[in-house]
Amino acid sequence: MSEAKGQDSFLGLNLPPAQIENLTALGYEHMTAVQAQALPLALARKDLIAQARTGSGKTAAFGIALLCHLNPRDFGTQSLILCPTRELCTQVATEIRRLARYLPNIKVVVLCGGQSIGPQIGSLAHGAHVVVGTPGRIKDHLLKETLKLERINTLVLDEADRMLDMGFSEDIEYIIGETPADRQTLMFSATFPAHIDSLSAQYQRDAQRITVETVASETTIDQTYYLCGKKEEGTQRAEAVLRLLYHFSPESCAVFCNTRQSTTEIAQVLSDAGLVAMALHGEMEQRERDQVLIQFRNGSCQVLVATDVAARGLDIEQLPMVINADLPRDLEVYTHRIGRTGRAGNEGAALSLFFENERFRVDALLERSDNAGAAQIKTIESVPQARDTPATCSKQTLSIAGGRKNKIRPGDILGTLTAEGGIAGTAIGRIDILEFASFVAIDIDQIEAAIAQLEARRIKGQKFKVRRLHTIASRTGRARY
Ligand code: AMP
């Protein structure tokens, strides 16, 4: 036993045995670096200011601690987690629900902008132990008095630097003012600019600072800058992205752009060339954004073409390649973007395009980067023009018009699909259940059979509409911009 209690084991933390079992069931055997540093302090109710990115296990670092301090019988909101974007809120809420499985009936509610407020008010009416939301929408609920924060014992500011960058600072201050002074405040941030320090000084008590090596994996990332010509003309940038994708043929790839126009243009060029590429930017409807992310995660979208804001908080495991179609404006954004590849010791490639008139930006990035020596500069012409279309996705996503509200669980969908006359379990990929809809990835050659099976049978005693999700890039690209 004492051996198992090694430095990075969860066993030394005095967590409830049911939580240890739950963590084992989730496959969490060892603490990640940020968890090892943050959990003992957070469990001891200390305020924290921690440097951690998405992918570091930071959600569990605060989630495990805040769940320990919850009283399940009290339906007053006891934990509030503020995040910059709806994607991050959804991810955080999903992770908290998984971590809370050992407790009976813990209610986690997501409150974000871009969605109608009515249903949110409805779901708050019966109380919620944990609220995850964006600052703007949380403030709206406070003003409407549909949310009360007087019982908060843990406040989490996730991606605090991004929230400040996005102009949420006044809302955050207003929200903090509504919480009890004796709360515990846990702040997570990828970077520590001066305004983060002043936020901490103002609202935290004796905050313990935690830093983990954020760019430790950078060394396993192959960084190459490609010179594409003198000055950009026409669709040159999109063609260069296509050339890289054809040549390297990555299983999946995120392409980053600085503007939403670039995302739709590039996604369009890639789709026209036969790749399954989808745009993701902040001005798409939330429902569309959710669907794009679901398809990217479950392997039915090969190339995600995103702006930084839309991609914030993206939790994609083991992305083999990241392409910077536009050079990021500063090193922090660059590090954040390329940090999505080469995670957890896996090798990754970060390819960046630039034109001669942008060379000063490359120089600035290299000058400030710690491991500039590892970066290479090549010309796009050095990448051979491939003739064959690279292999694309083997899966497609079906959407089912019922979700958590209809009490659907992944097992129900799996069971229906594999029931008599159905398809093999091996043809079924990831299943995502949202509030009102569910999504399941299916091998393309089994898609018709899967639709027929879902249409013929009931799930939880009910029939639900089933449809194949469209590839959104072409629709969004043509219809809107
Ligand atoms: P986060 O940085 O919170 O977005 O977490 C990144 C991913 O790591 C999530 O998919 C978590 O489920 C997973 N994760 C968190 N902690 C652990 C752990 N101790 N062991 C294995 N996986 C973990």
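What you see is a predicted model; the values in this text were computed from it and never measured. (Residues numbered from 1 in each chain as written. Predicted model: local features only at pLDDT ≥ 70, side-chain atom pairs only at ≥ 80, totals over all residues. Heavy atoms only, no water.)

Our focus in this paragraph is the nonpolar core. In this structure, Phe10, Phe62, Leu67, Ile81, Ile96, Val132 and Phe188 are the most contacted members of the largest nonpolar core, which totals 45 residues. Counting only elements with at least two residues in this core, the list comes to α1 (17–25), α2 (33–43), β1 (48–51), α3 (58–68), α4 (86–99), β4 (130–133) and β6 (184–189). Considering every element that reaches this core, the biggest residue donor is α3, with seven residues. Apart from the residues lying within four places of it in its own chain, the contact partners of Leu67 are Gln19, Ile96, Leu99, Ala100, Tyr102 and Leu103. (Core = buried A, V, L, I, M, F, W, Y, C linked by side-chain atoms within 4.5 Å. Buried < 20%, exposed > 50% of the residue type's maximum accessible area, 1.4 Å probe, protein only. Helix = DSSP H or I, 4+ residues; strand = E, 2+ residues; numbered from the N terminus. Contact = heavy atoms within 4.5 Å.)

The subject of this paragraph is helix α10 (residues 236–248). Relative to the 18 Å expected for 13 residues at 1.5 Å per residue, α10 spans 18 Å between its end C-alpha atoms, a close match to the ideal helical length. Within α10, the full set of buried residues consists of Arg237, Ala238, Ala240, Val241, Leu242, Arg243, Leu244, Leu245 and Tyr246. (Expected span 1.5 Å × (residues − 1).)

The next thing to look at is the sheet that holds strand β14 (residues 376–379). With parallel pairing, seven strands are arranged side by side in an open sheet as β10-β11-β9-β12-β13-β8-β14. Of all strands in the sheet, those with a lone pairing partner are β10 (277–280) and β14, marking the two edges. With strand direction ignored, the average angle separating the axes of adjacent strands in the sheet is 20 degrees. As paired strands, β10 and strand β11 (residues 303–307) are joined by four bridges and run parallel to one another. Directly across from Met278, in β11, lies its bridge partner Leu304. Helix-sheet contacts for helix α15 (residues 359–368) involve β8 (221–227), β13 (348–354) and β14, and the interaxial angle to β8 is about 160 degrees. (Pairing = 2+ DSSP bridges. Axes fitted to C-alpha atoms, helices over the stretch in contact; angles between N-to-C directions.)

With that settled, consider α3. With 10 of 11 residues buried, α3 lies mostly within the body of the structure. Taken residue by residue, α3 has Lys58, Thr59, Ala60, Ala61, Phe62, Gly63, Ile64, Ala65, Leu66 and Leu67 as its buried positions.

This part covers the confidence of the model for the chain. Of all residues in the chain, 91% have pLDDT values of 70 or greater, and the mean over the chain is 88. Within the model, pLDDT remains below 50 along residues 1–6, and this stretch shows four contacts once partners closer than five positions in the same chain are excluded. (pLDDT = per-residue confidence, 0-100.)

Before going further, it helps to examine the pattern of salt bridges. Close approach of charged atoms lets side chains of opposite charge pair. The full count for this structure, using the stated rule, is 19 salt bridges. In this structure, Arg137 engages Asp140 in a salt bridge whose closest nitrogen and oxygen atoms are separated by 3.6 Å. Here Arg137 pairs with Asp140, and both are found in helix α6 (residues 135–144), just three residues apart, close to one helical turn. Taking relative accessible area as the criterion, Asp140 reaches 34% and is therefore assigned partly exposed. With a shortest N-O distance of 2.8 Å, Asp308 and Arg337 are connected by a salt bridge. (Salt bridge = Lys/Arg side-chain N within 4 Å of Asp/Glu carboxyl O.)

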